[in-house]
Amino acid sequence: VWLPVLAAAAAVVLGIAYFFSINPDGSVTTPGGGTNDGGTKSATPPSVAKPKLPATLAGPKEKLEDQLKKLDRVSPADNQLQLTQGPSLALPGGMSEAAAALSSEQDPRARMAKLLEWAHLPKKNALDLASSEEANPEAILGAARSLSGEEQRRVLLTAVGKLQEDPSARLQLAKNYMETPADAPAAEVAENQTQAVAQLSSIKDIDPENALPYYFEAKTLLDQGDVASALTALQNAGSKEQASAYSLESALAESAALEASGMDPEAARLVAALTAGVDENNFLCQLAGDLLSYGQGFLSDNDFPAAEAIFKAVEQLGRQVETGASFSQEQLAGLDIQRYALDGLGQLYATVESAEGVATVTDATEALRIDVDELSQFFITLDEMFLKPMTTEFWNIVSGIVLGSGDLALVGNEEIESALAPATTP
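The shown structure was predicted, so the numbers you read here are calculated from the model rather than taken from an experiment. (Residues numbered from 1 in each chain as written. Predicted model: local features only at pLDDT ≥ 70, side-chain atom pairs only at ≥ 80, totals over all residues. Heavy atoms only, no water.)

1. Remarks on the side chain of lysine 204
Following the sequence through the fold, lysine 204 ends up in helix H9 (residues 186-206). Owing to a relative accessible area of 17%, lysine 204 belongs among the buried residues under this scheme. Leaving out residues up to four positions away in the same chain, lysine 204 has contacts with Pro213, Tyr214 and Glu217. (Helix = DSSP H or I, 4+ residues; strand = E, 2+ residues; numbered from the N terminus. Buried < 20%, exposed > 50% of the residue type's maximum accessible area, 1.4 Å probe, protein only. Contact = heavy atoms within 4.5 Å.)

As structure tokens, this is what we get:
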């Protein structure tokens, strides 16, 4: 039966914490438990032995870790949610088997991984959709998310050609160019980096208030060994208020692709809503992890000014992501990024014995703990919300709100509260 599975999947998506997580060495833990280094040709500096943190910082860090553990446990999936009624979702061939597989999984993260796999199109479907003359540009962009390598690049070039003013399409293309295999010839790597920077420059023109392309450009410049230009890019990024990976635009494109490939429209919207922000969480954490690994390298080489500049910039990236977030997955990424940037700063200030620096990190860590607590309360509220009976109308309201404003808009929404209110007796 699909509906109970969908309810559990919704809870996992909306409630799971730190599904993708930056490791202290800058790598990113992925759903399978391994790490993802992005597949790019970048020099990863060696790990640095951590000095013992001063007691003034150790206390706030312990409080933060305790709060993060609480956040990780707050998951509506633990409540074995069931729907009393709901829509009969028409699924393409093979999807019912995927749903059955989801229902057999006891581990919420394993169910989430399977849901993400299910939400992406089979390769043939994605290629057919991308080559269809009738497909709208958003559906083509959504189809590209299910591809990789040269095939994805060809589809993204088509999408960018049709969506010249869409920064999300250009960001996807820039990411593709940066995913050059590690064994690729140096000339190919250099050319792809040039193409990626060109797309990032276009994003700056289209969306000048978005800090993200500056951070992405800085990572590219560090890969090329141009430290001075990279630090300038990071400084420019700090002047912006927000950093966006365009999660909402990506979710809408994915919904369009799923529907164009034959999925029931209501199901397509709901699936896209339930998985929105997860891919962007992974990307943001990976980008931050790449930058932090360079910071660790400079710290190892005793280049403290460069290390401090990078750690501070990444902490700012986390705050910018958190500020501009429409999805809980984005907020999770922002908090995770700040967490490890502050860890790097704590190591640096302990190494150089800067009491002022340690005090600054201590205050920032305590402020981060408060933000984590607020997000934990958000998940608790969702927990309570999804324990109530939910109808077809309710799920359509959920998908409409999420694809319109993000899942953070679910809590306190008048339409949601009205749908969940007990029926009045005449």
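2. Considering helix H15 (residues 304-323)
Look at H15: 28 Å from first C-alpha to last across 20 residues, which is about the 28 Å you get at 1.5 Å a residue. Capping of H15 at its N-terminal end is provided by aspartate 303; its side-chain oxygen lies 3.4 Å from the backbone amide nitrogen of alanine 306. (Expected span 1.5 Å × (residues − 1). Polar contact = N/O pair within 3.5 Å; in protein donor to acceptor, adjacent residues only side chain to side chain.)

3. Some remarks on the packing of helix H7 (residues 149-162) against helix H8 (residues 167-178)
Running from N to C, H7 and H8 cross one another at 155°; their axes reach a closest spacing of 9 Å. If you check the angle between H7 and H8, you find them roughly antiparallel. Relative to H8, H7 is oriented so that their crossing is left-handed. Counted together, Gly149, Gln152, Arg153, Leu156, Leu157 and Val160 of H7 and Ala169, Arg170, Gln172, Leu173, Asn176 and Tyr177 of H8 form the full contact between these two elements. Split by residue class, the contact of H7 with H8 holds six nonpolar, four polar and two charged. (Axes fitted to C-alpha atoms, helices over the stretch in contact; angles between N-to-C directions. Parallel < 35°, antiparallel > 145°, perpendicular 65-115°, else oblique. Left-handed = near helix turned anticlockwise from the far one by under 90°. Nonpolar A, V, L, I, M, F, W, Y, C, P; charged D, E, K, R; others polar.)

4. Regarding the environment of lysine 219
With respect to the element layout, lysine 219 can be found in helix H10 (residues 212-223). Residue lysine 219 is classed as buried on the basis of its relative accessible area, which comes to 2%. Note: C-alpha distance between lysine 219 and alanine 233 (14 residues apart in sequence) is 9.3 Å.

5. Focus: the packing of aromatic side chains
Scanning the model with the defined rule gives three aromatic pairs in all. Seen from their ring centres, phenylalanine 378 and phenylalanine 379 are 5.5 Å apart, and the 65° between their planes marks the pair as edge-to-face. On the accessibility criterion, phenylalanine 378 (10% relative accessible area) is buried. Here the aromatic rings of phenylalanine 394 and tryptophan 395 are separated by 6.0 Å at their centres, their planes lie at 75°, and the arrangement is edge-to-face. Both residues of the pair, phenylalanine 394 and tryptophan 395, count as buried. Positioned above the aromatic ring of phenylalanine 283, the side-chain terminus of lysine 175 is 4.5 Å from the ring centre. (Phe/Tyr/Trp six-rings, centres within 6.5 Å; stacked < 30°, edge-to-face > 60°. Lys NZ or Arg CZ within 6 Å of the ring centre and 35° of its normal.)

6. Details of the side chain of glutamate 280
Inspection of the secondary structure assignment puts glutamate 280 in helix H14 (residues 278-300). Accessibility expressed as a relative area gives 2% for glutamate 280, which makes it buried. Only 3.3 Å separates the side chain of glutamate 280 from the side chain of arginine 145, close enough to count as a polar contact. The contacts of glutamate 280, once residues within four sequence positions are left out, are Arg145, Ala245, Ser247 and Ser250.

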